[in-house]
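Inside the fold
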Amino acid sequence: MQDTPHLAVLGGGSWATALAKLLLGNLSRISWYMRRDDRIEDFLRLGHNPAYLTDVTFDTSRIDFSSDINAVCDSADIILLAMPSPYFKSHIDKLSTDISGKTVVSAIKGIVPDDNMLITDYMADRFGVSLEKALVISGPCHAEEVALDRPSYLTIGCRRPETAEAFASLLAGKHTHTITSTDVDGIEYAAVLKNVYAIAAGIIHGMKRGDNFSAMLVSNAIREMERFVAAVDPRPRQICDSVYLGDLLVTAYSRFSRNHNFGSMIGKGYSVTAARMEMEQTAEGYYAAKCITDINAAYGVHMPILEAVYDILYRHVRPAKAVVRMAESFT
């Protein structure tokens, strides 16, 4: 990376907004791609994102907004991807400019739907981005707590430790602590799975199964995550590190967790369709449950929690029945 890189944020949601806030604490200006011109106009007029984290104000004179993804990416040294995974391809496949030599950072906690590929792998395959210049951002961290200036913890993953350290310095601040790792695939898969397990935690919360049951769920979920990640990417890792267990805990329990809230509605009796319609933001675990189920068909990892969530979301199995079957596997 350059000493003063030109960075572009792609995405207009809460996570993109939180990360832009952090980056502007260390960079003099950024570019920011948003799909809708009306949102850009409102942002410039109001001085904040009109739809997400509206309490976070920005000096918009330091932001170059554009709805032209090619123009934004062409001028950038670093491209930060921060849109929900279900909409990732609809944005990124508009790219025609050459980004193969650029640093690409994924803050997307999901898998590319239909392709069932990790975001970094997709960027390498589709755009020729070097895996040595592909980074991931994970937690434990909620965008809402970044907005509130609460202590936040980010893990930056890259196969080149120096690149991870350089990018981590752009995010670090008074309230933000950064950790680096070389476990890119493990971090990406863990970030996908924790959303599935957060839906499960929400379901049992909505069903009023209690704290004891919730503790058993999460303790079994981290072991299930460990089995799957070890199967798809066998390498040494400590599953109790914050980027794995910590991110699972905050997503499974927090009131800010959209996946937990989505699951809670289902546990209270909402249909899957009704719960999805009620959500104001994307519950990425809904899509992740299918993607991971498809991927696991080739590995055969024992994943009863994933299976229960998939059964409820896609096979229309009653939550009470799926949860009883899931609980029989708990140890």
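Please read all numbers here as calculations on a predicted model, not as lab measurements.

Core analysis: the largest hydrophobic core is formed by 57 residues, its most contacted members being Tyr189, Met225, Phe228, Phe262, Ile292, Leu313 and Met326. Sorting the residues of this core by element identifies helix H8 (184–206), helix H9 (211–232), helix H10 (242–253), helix H11 (258–267), helix H12 (272–278), helix H13 (284–296), helix H14 (304–314) and helix H15 (319–327) as the ones contributing at least two each. Sorting elements by how many residues they give to this core places H8 first, with 13 residues. Those residues in contact with Phe262, other than ones at most four positions away along the chain, are Ile199, Val272, Ala275, Arg276, Met279, Ala283, Tyr286 and Leu313.

Further remarks concern the sheet that holds strand S9 (residues 152–158). What the eight strands build is an open sheet, ordered S3-S2-S1-S4-S5-S8-S9-S10; its pairing is mixed. The open sheet has two edge strands, strand S3 (63–66) and strand S10 (176–181), and neither has a second partner. The sheet shows a mean angle of 20° between the axes of neighbouring strands, taken without regard to direction. Here strand S1 (residues 7–10) pairs with strand S2 (residues 30–33) via three bridges, running parallel. Note on S2: the bridge partner recorded for Ala8 is Ser31. Here helix H1 (residues 14–23) sits on the sheet and contacts S1, S2, strand S4 (78–81), strand S8 (134–138), S9 and S10; the angle it forms with S2, its principal contact strand, is near 175°. On the sheet, helix H7 (residues 161–171) packs against S1, S4, strand S5 (103–106), S8, S9 and S10 and is oriented at approximately 150° with respect to S9.

Here we come to empty space enclosed by the protein. To find the voids left in a structure, one rolls a probe of water-molecule size over its atoms. Enumeration over the complete set of coordinates arrives at three cavities of 30 Å³ or more. Each pocket or cavity is described by its volume, and for the largest cavity that value is around 40 Å³. Residue lining of the largest cavity: Ser106, Ile108, Lys109, Val136, Ile137, Ser138, Ile187, Glu188 and Ala191, and that is the complete set. At the level of secondary structure, the elements contributing two or more residues to the lining of the largest cavity comprise S8 and H8. Grouping the amino acids of the lining of the largest cavity by side-chain chemistry returns five nonpolar, two polar and two charged.

On to the pairing of S9. Most of S9 is tucked away: six of the seven residues are buried. As defined by bridge partners, S9 adjoins S10 across six bridges and the pair is classed as parallel. When the bridges of S10 are listed, Gly157 appears paired with Ser181. In terms of handedness, the path from S9 via H7 over to S10 forms a crossover that is right-handed.

Let us look at the layout of surface pockets. Empty space within the largest pocket amounts to approximately 990 Å³. For the lining of the largest pocket, the secondary structure elements donating two or more residues are H1, helix H4 (85–92), helix H6 (143–147), H8, H10, H11 and H13. Grouping the constituent residues of the lining of the largest pocket by class yields 20 nonpolar, 12 polar and 11 charged. When its volume is computed, the second largest pocket comes out at roughly 330 Å³. In terms of lining, the second largest pocket is formed by 13 residues, of which the most central are Glu144, Phe256, Arg258, Glu280 and Gln281. The element best represented in the lining of the second largest pocket is H11, accounting for three residues. Residue classes in the lining of the second largest pocket are distributed as six nonpolar, three polar and four charged.

Rules of the game
- All chains use their own residue numbering, which begins from 1 and follows the written sequence.
- In keeping with the model being predicted, local features are shown solely for residues with a pLDDT of at least 70 and side-chain atom pairs are shown and tallied solely at 80 or more, while totals for entire chains, interfaces and linings include all residues.
- As a rule here, side-chain values come from all non-hydrogen atoms in the structure, and water together with hydrogens is ignored.
- As used in this record, nonpolar core signifies buried Ala, Val, Leu, Ile, Met, Phe, Trp, Tyr and Cys residues forming a set joined through side-chain atoms within 4.5 Å.
- The rule is simple: take the accessible area with a 1.4 Å probe, protein chains only, and divide by the maximum for that residue type; under 20% is buried, over 50% is exposed, in between is partly exposed.
- Here a helix means four or more residues in a row that DSSP labels H or I, a strand means two or more in a row labelled E, and each is numbered from the N terminus.
- Should any heavy atoms of two residues lie within 4.5 Å, those residues are considered in contact.
- In this description, strands pair whenever DSSP reports at least two bridges between them.
- Geometry is summarised by axes, namely lines fitted to C-alpha atoms with helices restricted to the contacting stretch, and by angles between N-to-C directions that run from 0 to 180 degrees.
- Computed over the protein atoms alone on a 1 Å grid, cavities are sets of points where a 1.4 Å probe fits but cannot get out and pockets are open sets with protein on both sides within 12 Å along at least five of seven lines; a residue lines them when it has an atom within 4 Å of a point.
- Grid points are joined across faces, edges and corners, and a volume is the space filled by probe spheres set on the points.
- Note that Gly is not counted as nonpolar here; it falls among the polar residues with everything else outside the nonpolar set of Ala, Val, Leu, Ile, Met, Phe, Trp, Tyr, Cys and Pro and the charged set of Asp, Glu, Lys and Arg.
- If the strands point away from the viewer and the path from the first strand over the helix to the second runs clockwise, then the crossover is right-handed.

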